[in-house]
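Read off the chains here:
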Amino acid sequence: MNSRLSKVLVTGGAGFIGSHLVDALVAGGCDVVVLDDLSSGSLSNLEHVKDKITFYKGTIQDQKILMKASENCEVIFHQAAMVSVTKTVNNPVDSAFINDLGTLFVLESARQNKVKRVVLASSSAVYGDDPLLPKHENMPLKPMSPYAVQKLTGELYARIYNDLYGLETVCLRYFNVYGPRQDPSSPYSGVISIFMTRAVSKKPPVICGDGKQYRDFVFVKDVVKANLLAATEDDAAGRIFNIGTGKHVSINSLWDMISLFSGLKIEPEYSPPRPGDITESVASIEQAKSALGFEPDYLFEKGLKITFKWYKDS
Ligand code: UD2
C-alpha cells in the first residue's frame, strides 16, 4: 500500500484517540472525513481543524450515513465505540448495537464502497485476566465483559471480511491509552485522566487496592503512529497487533510521578480493590515491531509531562 493516503474516514473522530488521529492525517495532507455522533466525543476536540475536514454528525448504526461518509475513501479508521467497560456491563444489548452491529456496518460499507483497508480499534480487554505476561497476540483469549466480547467479535468479523471479501483489515489491541483530551469525568475514566485532575486541583487521588497493580500505559500519539503504520504497511493486512509500550508502571508510582509534577507531595487515599480488577497487564509488542516497524516514541515520563501540562492549561 502506498504510504501516502488520499481520502480517509475516521469513525469516532471527535473522540479522544480519534481526534489525535485526525490531527495527524490532516497534517499529512489527507482528505479527512469524520463521522461521530458526539455521544462521548466533542466538537471542541476538532475546533482547530474544523475548516480542513468534512464532518458528519451521525451514528455507525446508520448505514446510509456510513455509505455517504466512506464514499471514495481509501482507508477507514474505525475508532467509534461505547468505550466504557462499565457502560457495556450495564447495557449489554444497547452496547452490542453500537460495538458489534456498528462495526459490522462499518465493514460492510467499506466492502460496498470498495475501500481498500479498515483499521479497527480493539482492546487488551480481550485477554481478560489470564496471568500469562506479557500478553501475546496468539495466547488464549478470555473476554470478561460485554465490551471485551464486542471487541473480539469485531476482530472476528474483520478477519472474515479480510478473508472472504478481500477487504484488508487490521486490528489494533490498545493497552492503556493516555494523553491530552481524555475525558476524566466518570469514575471509570482512565486512571491517568482522573489522577491528573486530582493533581491539578491539589487533591489526593483514590488508589483502588494496594496500588502495586500495574499497566502498560501508551501515549495517544504512539497509538496514532500505530494506526498510520497499520493503514499503510503491506504486511499488516489480515492481522492483529498489540499496541502498548512493552513496559509497565504501577499505580503507586504513577501517582508519585504526577504528584511530583504538581509540585506538592500529596499522599494518596486507598480504597478496596475494584471488583474484577486485573492486577497486571503488559503488552508484547514484538509483532507490531516486526510487521509494522512500530516503536513507541514517547517514554512514559515524556508523555506524562505533556499530558499534565494539558490538564493544567485546560
Ligand atoms: C483498561 C481500559 C478498558 C479495558 C480494560 C481491559 C482504559 C481507560 N480502560 O481498563 O477500556 O480495555 O483495560 O482490561 O484504558 N484506578 C485507581 N484509581 C482510580 C482509577 C483507577 O486506583 O481512580 C486503578 C484501577 O483499579 C486499575 C488501574 O488504576 O487497577 C487502571 O484503571 P483504568 O480504569 O484506567 O484502566 P483498566 O486497566 O481497568
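Analysis parameters
- Residues numbered from 1 in each chain as written.
- Predicted model: local features only at pLDDT ≥ 70, side-chain atom pairs only at ≥ 80, totals over all residues.
- Heavy atoms only, no water.
- Helix = DSSP H or I, 4+ residues; strand = E, 2+ residues; numbered from the N terminus.
- Polar contact = N/O pair within 3.5 Å; in protein donor to acceptor, adjacent residues only side chain to side chain.
- Contact = heavy atoms within 4.5 Å.
- Axes fitted to C-alpha atoms, helices over the stretch in contact; angles between N-to-C directions.
- Parallel < 35°, antiparallel > 145°, perpendicular 65-115°, else oblique.
- Left-handed = near helix turned anticlockwise from the far one by under 90°.
- Nonpolar A, V, L, I, M, F, W, Y, C, P; charged D, E, K, R; others polar.
- Near = heavy atom within 4 Å.
- Areas by Shrake-Rupley, 256 points an atom, 1.4 Å probe, with all protein chains shown as cover.
- Expected span 1.5 Å × (residues − 1).
- Buried < 20%, exposed > 50% of the residue type's maximum accessible area, 1.4 Å probe, protein only.
- Pairing = 2+ DSSP bridges.
- Patch = residues over 30% accessible without salt bridge, like charges linked within 9 Å, V, L, I, M, F, W, Y side chains within 5 Å.
- Salt bridge = Lys/Arg side-chain N within 4 Å of Asp/Glu carboxyl O.

**Student:** Could you clarify how one ought to interpret the side chain of Asn 242 in this entry?
**Tutor:** The topology assignment puts Asn 242 in strand E11 (residues 239-243). A distance of 3.1 Å separates the side chain of Asn 242 from the backbone oxygen of Ser 284, its partner in a polar contact. Filtering out sequence-adjacent residues up to four positions away, Asn 242 remains in contact with Tyr 127, Lys 135, His 136, Glu 137, Arg 173, Phe 175, Ala 283, Ser 284, Ile 285 and Ala 288.

**Student:** Is there a simple way to think about the packing of helix H4 (residues 92-112) against helix H5 (residues 146-165) in this case?
**Tutor:** Angle between the axes and distance between the axes are the two parameters that describe a pair of packed helices. One way to put it is that H4 packs onto H5 with a least axis distance of 10 Å and a crossing angle of 15°. The orientation of H4 relative to H5 falls into the category roughly parallel. Like other packed secondary-structure pairs, H4 and H5 cross with a definite hand, here right-handed. Note on element contacts: H5 touches H4 through Pro 146, Tyr 147, Gln 150, Thr 153, Gly 154, Tyr 157, Ala 158, Tyr 161 and Tyr 165, opposite Pro 92, Ser 95, Ala 96, Asn 99, Asp 100, Thr 103, Leu 104, Leu 107, Glu 108 and Arg 111. Of the residues contributing to the contact of H4 with H5, the split by class is ten nonpolar, six polar and three charged.

**Student:** Which parts of the structure should I look at to understand the site of the ligand?
**Tutor:** Lining the immediate environment of the ligand, one finds 19 residues, of which Val 191, Val 206, Cys 208, Arg 215 and Asp 277 sit closest. Val 206 places a main-chain nitrogen or oxygen 2.8 Å from a nitrogen atom of the ligand. With respect to the ligand, the backbone of Cys 208 contributes an N or O atom lying 2.8 Å from an oxygen atom. Within the complex, 86% of the 730 Å² of free accessible area of the ligand lies under protein. Those elements giving two or more residues to the shell around the ligand turn out to be helix H6 (191-200) and strand E8 (206-208). Classifying every residue of the shell around the ligand by side-chain character gives eleven nonpolar, five polar and three charged.

**Student:** When you look at helix H10 (residues 300-313) in this model, what are you seeing that I'm missing?
**Tutor:** Every α-helix winds through 3.6 residues per turn, so residues three or four apart in the chain are directed the same way. End to end, H10 covers 20 Å across 14 residues, agreeing with the expected 20 Å (1.5 Å per residue, within 8%). Looking at the buried side of H10, the elements it contacts are strand E7 (176-178), H6, strand E10 (217-219), strand E12 (249-250) and helix H8 (251-261).

**Student:** It is not clear to me how the pairing of strand E4 (residues 75-78) should be interpreted in this structure. Could you clarify?
**Tutor:** Remark: a regular strand shows side chains that alternate across the two faces of the sheet. Here E4 shows a buried face lined by Val 75 and Phe 77 and a second buried face lined by Ile 76 and His 78. Across four bridges, strand E1 (residues 7-11) lies against E4 in parallel orientation. By the bridge assignment, Leu 9 is partnered in E4 with Ile 76. Pairing analysis gives four bridges linking E4 to strand E5 (residues 117-123), with the strands arranged parallel. Looking across to E5, one finds that Val 75 is bridged to Arg 117.

**Student:** I'm lost on a nonpolar patch on the surface in this one. Help?
**Tutor:** Among the surface-exposed residues, Val 93, Phe 97 and Leu 101 lie close enough to one another that they form a single nonpolar patch of about 260 Å² accessible area. Tracing the sequence through the fold places Phe 97 in helix H4.

**Student:** Explanation requested: the pattern of salt bridges in the structure shown.
**Tutor:** Close approach of charged atoms lets side chains of opposite charge pair. Counted by the stated rule, this structure contains 16 salt bridges. As a salt-bridge pair, Asp 23 and Arg 181 come within 2.9 Å of each other at their nearest N and O atoms. With Asp 23 in helix H1 (residues 16-27) and Arg 181 in the loop between E7 and H6, this residue pair connects regions lying 158 residues apart in the sequence. Of the residues examined, Arg 181 reaches a relative accessible area of 17% and is grouped as buried. A salt bridge links Lys 309 to Asp 313; the shortest N-O distance between them is 2.6 Å. With Lys 309 and Asp 313 both in helix H10, this residue pair falls four residues apart, about one helical turn. Each member of the pair Lys 309 and Asp 313 is classed as exposed.

**Student:** What is the right way to read the sheet that holds E4 from this model?
**Tutor:** Strand pairing in a sheet relies on backbone hydrogen bonds. The paired strands run either parallel or antiparallel. Strand order in this open sheet of seven strands is E3-E2-E1-E4-E5-E6-E11, and the pairing throughout is parallel. Single-partner strands in this sheet number two, and they are strand E3 (53-57) and E11. On average, adjacent strands in this sheet sit at an angle of 20° to one another, irrespective of strand direction. Alignment of E5 against strand E6 (residues 168-174), held across seven bridges, turns out to be parallel. Of the residues in E6, the one forming a bridge with Ser 122 is Arg 173. On the sheet, H5 packs against E5, E6 and E11 and is oriented at approximately 155° with respect to E6.

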